[in-house]
Structure formats: structure tokens, C-alpha cells
Amino acid sequence: MKQVIRKSWAEPYKIKMVELLKMTTPAQRKKALKEAGFNTFLLKSEDVYIDLLTDSGTSAMSDRQWAGMMLGDEAYAGSRNFYHLEEVVKEVYGYKYLVPTHQGRGAEHILSQILIKKGDIIPGNMYFTTTRLHQELAGGKFEDIIISEAHDSENEFPFKGNVDLNKLEALIKKHGAEKIPYVSVATSVNMAGGQPISMKNLKELRVLTKKHGIRIIHDMTRVAENAYFIQQREKGYQNKSIKQIVKEINSYTDGATMSAKKDALVNIGGFLAINDWDVFEEARNMVVVYEGLHTYGGLAGRDMEAMAIGIKESVDDDHIRARVGQVIYLGEQMIEYGIPIVKPIGGHGIFVDARKFLPQIPQDEYPAQTLAAELYLDSGVRTMERGVVSAGRKANGENYYPKLELVRFTIPRRVYTQAHMDVIAESTARVYERRNKIKGLKMVYEPKYLRFFQARFEQL
Ligand SMILES: *Cc1c(COP(=O)(O)O)cnc(C)c1O
């Protein structure tokens, strides 16, 4: 499949403030990496040149969003910014009721506690770390129902985020619909490499779940990026705006959890949005216990204002074309250098296949973790592991061994330039040149939950 754009993605903005970066030497990076236990999460950001750890909360806000920060109404209850946010969520996303939370996992926590009972099954199009953990903490069990193409980094199917409806039907048959409180559907599936779900698949999923009275909860963290791929690739959507497509996606679901730190261009914030009054009522009660009053959910008024403005900017066609265009620009360079990456190129980053990059390193010696460390050493570019370390352990203590062992180069929105993209591609190519000499790692400290954040390693 031919992927769009090379030069046509130029940014619809100009820069009016810059943040100066520290340039490091190889010796400084070697020392910093050792101190960080070879875990890029434990590096000081000051020691990083180009930070691709995540696209979460790392976007550049617009002058309008910064102006919005000055309009913060910091009243404890009923802040004007909450009502603005509520209105924007309704207008842009189409869901009826809003509960703000400090970030995405706050919404996942509340929703999981309300909808999941012990022994329930939650099918989803590939797991996400915090989402699955909250489902498990509520007594549920996650079942992966993404199409099998998603587990194959070479497969160029344009909608690798699709749900395999046969897998879902089999689960319903096996456990009964009453054991399935909802299907958890992510747009731009993060762990699959930012791969989109098609509108057709979503419509079919709606028909099937409706038949069995099962809700669809949408993880809409990157819904605008998914909408862009639908616009580019799916028949009948070329002339629809991103805004129209986003709203249509949401219309096939019953509610959503949102990390506004991604698509919605803010440094902090999230929410739960739901069409069902009863669930809303309960969520409004719970948010007071865990996040803050239901009209701020752990956020300052100014944060809600920036979010309201960011949501509107996030569904602008020119914005999303430049955002995804920059990611594709980087990915195409990687392909030219012969670096094995997940294809098609996803919406929020490039995912390098560490098993193919470092075939001599077994999964128990953490090939993706190793590669992320080597990239930092080479150029000060910070990436992260999405493989066996991120996958963690099952309830019985065994490791999950995911098929995909990836290094994620996540691109913050509106932050880096084309020259930065060139530096990243050239550095990865340099590490690729000397790949045969690279050895794996051993884990010397393992935290109990979400171990990838704080685990420490030593070189073998
Ligand atoms: C980031 C993310 C979350 C969790 O959101 P936080 O704001 O980090 O708590 C949930 N789902 C997906 C797909 C994400 O990328």
C-alpha cells in the first residue's frame, strides 16, 4: 500500500517560543544510562536531546490554549471552564454526560469499578497497560479480540486495529453475554503500533453487540488520528471532515475513556464520557472519592479550559494532516534505511521491530529494552520499550510473552521539526549498522505493578 505524503504535510503553525535543549557527549550519556538502570523511563529529561518516550502530555499548546489558561475559574464547584469543556465534549465527541478526571487512567479506574464484576470477561482490540490493569483490579479478565494481522509487524493490512468478530462471538458463546459487561474498543490501537480500526468494522461490531445487549466502551485517546486514516483509506470518507468522522465513530459506542494528554493537546487531563444516565450517576459519585468534585475531577479550571480548546484544535483537518504526516515522514526514512518497522506506519509514532533488529537477543534478555538503551547512547534520542517488559506478569506470576517486541518512537504533537526527524532516522541507522555487536540485558529490580516504568537492568 502506498502511504501518503512526503512534502504536503507542512505545519499549519509557526513557532513563537522555544525551549533550549542541553547537548550531551557520548561519555555523559553512558553515565546517565548506567545511573538510570538502562531504563529510558529513569533518565532525567535534562539529559535527553529528542524525547520520543511518549506523546502523552508532551504536546505543545497553542497560543490560544495558553490564553485559555489565564481564563481559569478556580472555584471549587461549578467552574465556568467545566461547563465550557462539557459543551465541547458534547459538540465534538457527541457523548451525553461528562466526568472529568486527572488523566485517562482515572476514568478507566472509575468505569472498571462500576461496570465490571468479579469473573467478568472484557474483550478488547489489544490490551493497553493501564486499561487492562484496571479491568483486572476490578475482578475482570481481558481477552484479546483484535484481528491476527495486528500481531504481524510485516502485514500491511490498512486497518490492523479491527476487531475479529468471530473471536468475539466465540467468547460470547463460551461465557454468555451476561459475563461481558462491555467490549473495550480503542481507536488508533497503541500497542499494535497506532493502527486504526475501520468504520465498517465498528458498524459491524455495533450490530453484533446490540444483538447481545453488550456495551461498547471506546478508548478514544487517539480518535482523531484514527479518523485521519479512515479519511485516507476507507471508501466513502475522502470528502468527510475529521470532525464528522470522529463523531460518527463515537456514535457507534456507548461511552468513552479519554486521556486528553494525547490527541487533545494538553499536558494533563482526561475524562469519562457516557450516554447512560445510571452509569453517569455512579461515576459522578465515585469521582468525588478518587479524583475530586465532579466539576473538576482532579484538574484546575485552567486545565479544563486548555483541554476544551485543545479538543477543538485536535479535530482540525490541517492539524491532523501535519501531525500524522510528520510521523509518516520519519517512518519512510526508516524504511529507506532498511530498518524493520511495523507497517503500515501508525498515527502517533514509529515502532521498530526489535526481534528483527536484534535477532541474536532472546526475549528473556529484553531486545526492545536493549535497543532503546543503545539509541539513547548513540544520539540522546529517548524511545521506550513495548515488549516483554511492558507486558508484565499474569495474575499467576508468569510473564506475558507478547508476539510483538517493539521500540516505540512516539512523536509529540507540534514539538519537533523535520531536521529532528532526520537526526532520529540517521541515529537509528547507525545503531542498525552495528547491531551484530549488541548484547542483551538482565533485570535486576522489578516493581509489582506496571514494571516497565521503574524496572532496572544491567548489561549482560
Ligand atoms: C495513555 C493511554 C491511556 C491512559 O491514559 P493516561 O492519561 O496516561 O492515564 C489509556 N489508553 C490508551 C490507549 C493510552 O494511550
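The structure displayed is predicted, hence computed values, not measured ones. (Residues numbered from 1 in each chain as written. Predicted model: local features only at pLDDT ≥ 70, side-chain atom pairs only at ≥ 80, totals over all residues. Heavy atoms only, no water.)

Assigned domains of the protein: these are domain 1 (26-55 + 317-459) and domain 2 (63-314). Between the C-alpha centres of domain 1 and domain 2 there is a distance of 26 Å. Opposite the 32 residues of domain 1 that make contact, domain 2 presents 41 residues. Carbon and sulfur atoms make up 54% of the area that domain 1 and domain 2 hide from each other, which totals about 2900 Å². Of all residues in domain 1, I320, K343 and P344 bury the most surface against domain 2, accounting for 19% of the area lost on that side. Run the count over domain 1 and domain 2 and you get five salt bridges. With a closest N to O distance of 2.9 Å, D55 and R222 form a salt bridge. Inspection of the domain 1/domain 2 interface yields 18 residue pairs in polar contact (both at pLDDT 80 or more). Broken down by secondary-structure element, the contributors of at least two residues to the side of domain 1 that touches domain 2 are α12 (317-336), β9 (349-353), α15 (388-391) and β12 (406-410). Per-element tally for the side of domain 1 that touches domain 2: the top contributor is α12, with six residues. (Domains from an automatic or database assignment. Contact = heavy atoms within 4.5 Å. Buried area = accessible area lost by both parts, 1.4 Å probe. Salt bridge = Lys/Arg side-chain N within 4 Å of Asp/Glu carboxyl O. Polar contact = N/O pair within 3.5 Å; in protein donor to acceptor, adjacent residues only side chain to side chain. Helix = DSSP H or I, 4+ residues; strand = E, 2+ residues; numbered from the N terminus.)

Buried residues dominate strand β6 (residues 215-219), accounting for four of its five residues. Here strand β5 (residues 182-186) pairs with β6 via five bridges, running parallel. Considered in β6, the bridge of V183 is made with I216. This β-α-β element, β5 to helix α7 (residues 199-212) to β6, shows right-handed connectivity. Relative to strand β7 (residues 255-259), β6 runs parallel, the two sharing three bridges. When the bridges of β7 are listed, I217 appears paired with G255. (Buried < 20%, exposed > 50% of the residue type's maximum accessible area, 1.4 Å probe, protein only. Pairing = 2+ DSSP bridges. Right-handed = clockwise from strand over helix to strand, strands pointing away.)

This next bit is on the packing of aromatic side chains. One pass over the full model with this rule turns up 13 aromatic pairs. Note on Y97 and F280: the rings are 4.8 Å apart at their centroids and 15 degrees apart in plane angle, and the pair reads as stacked. A residue pair is termed long-range when its members are at least 10 positions apart, and Y97 in strand β2 (residues 97-101) and F280 in helix α10 (residues 277-290) qualify at 183 residues. Since its relative accessible area comes to 6%, F280 is described here as buried. (Phe/Tyr/Trp six-rings, centres within 6.5 Å; stacked < 30°, edge-to-face > 60°.)

This part takes up the sheet that holds β9. The sheet built from three strands is open, its strands ordered β9-β12-β11 with antiparallel pairing. At either margin of the open sheet sits one strand with a lone partner, and together these are β9 and β11 (384-386). Within the sheet, the average angular offset between the axes of one strand and its neighbour, ignoring direction, is 35 degrees. Sheet analysis places β11 next to β12, joined by three bridges and oriented antiparallel. (Axes fitted to C-alpha atoms, helices over the stretch in contact; angles between N-to-C directions.)

Our focus in this paragraph is the layout of surface pockets. Taken as a whole, the largest pocket spans an internal volume of roughly 1600 Å³. For the largest pocket, the lining is made up of 36 residues, of which M17, A60, M61, R414 and V415 are closest to its centre. No other element matches helix α2 (residues 63-69), which puts three residues into the lining of the largest pocket. Tallied by class, residues from the lining of the largest pocket come to 15 nonpolar, nine polar and twelve charged. Domain assignment of the residues forming the lining of the largest pocket places at least three in each of domain 1 (26-55 + 317-459) and domain 2 (63-314). Estimated volume of the second largest pocket: approximately 1100 Å³. Lining the second largest pocket are 37 residues; nearest its centre among them are R132, E136, A391, R393 and Y400. Top contributing element to the lining of the second largest pocket by residue count: helix α5 (residues 129-137), with five residues. Classifying every residue of the lining of the second largest pocket gives 17 nonpolar, seven polar and 13 charged. Here the lining of the second largest pocket spans two domains, and each of domain 1 (26-55 + 317-459) and domain 2 (63-314) adds at least three residues to it. (1 Å grid on protein atoms, 1.4 Å probe; cavity = no way out; pocket = protein on both sides within 12 Å on 5 of 7 lines; lining within 4 Å. Points joined across faces, edges and corners; volume = space filled by probe spheres on them. Nonpolar A, V, L, I, M, F, W, Y, C, P; charged D, E, K, R; others polar.)

With that settled, consider the pattern of salt bridges. Across all of its chains, the model carries 28 salt bridges by this definition. Between D276 and R215 there is a salt bridge, with the nearest N and O atoms lying 2.5 Å from each other. Of this pair, D276 sits in the loop between β8 (270-274) and α10 while R215 sits in strand β6, and the two are 61 residues apart along the sequence. When the shortest N-O distance is used, the salt bridge between E225 and R323 registers 2.7 Å. With E225 in helix α8 (residues 223-233) and R323 in helix α12, the pair connects residues that are 98 residues apart, well separated along the chain.

A few words on the packing of α8 against α12. In the contact formed by α8 and α12, the axes pass within 10 Å of each other and the chain directions differ by 90 degrees. Judged by the angle between their axes, α8 and α12 are roughly perpendicular. Between α8 and α12, the contacting residues are A224, E225, Y228, F229 and Q231 on the first element and D317, I320, R321, R323 and V324 on the second. Looking at side-chain class alone, the contact of α8 with α12 contains five nonpolar, one polar and four charged residues. (Parallel < 35°, antiparallel > 145°, perpendicular 65-115°, else oblique.)

A separate point is the site of the ligand. Near the ligand there are 14 residues, and of these G104, R105, D219, S259 and K262 occur at the shortest range. Q103 has a polar side-chain atom sitting 2.9 Å from an oxygen atom of the ligand. Bound to the protein, the ligand loses 95% of the 380 Å² it would expose on its own. Where the shell around the ligand is concerned, the elements lending two or more residues are α4 (104-115) and α5. (Near = heavy atom within 4 Å. Areas by Shrake-Rupley, 256 points an atom, 1.4 Å probe, with all protein chains shown as cover.)

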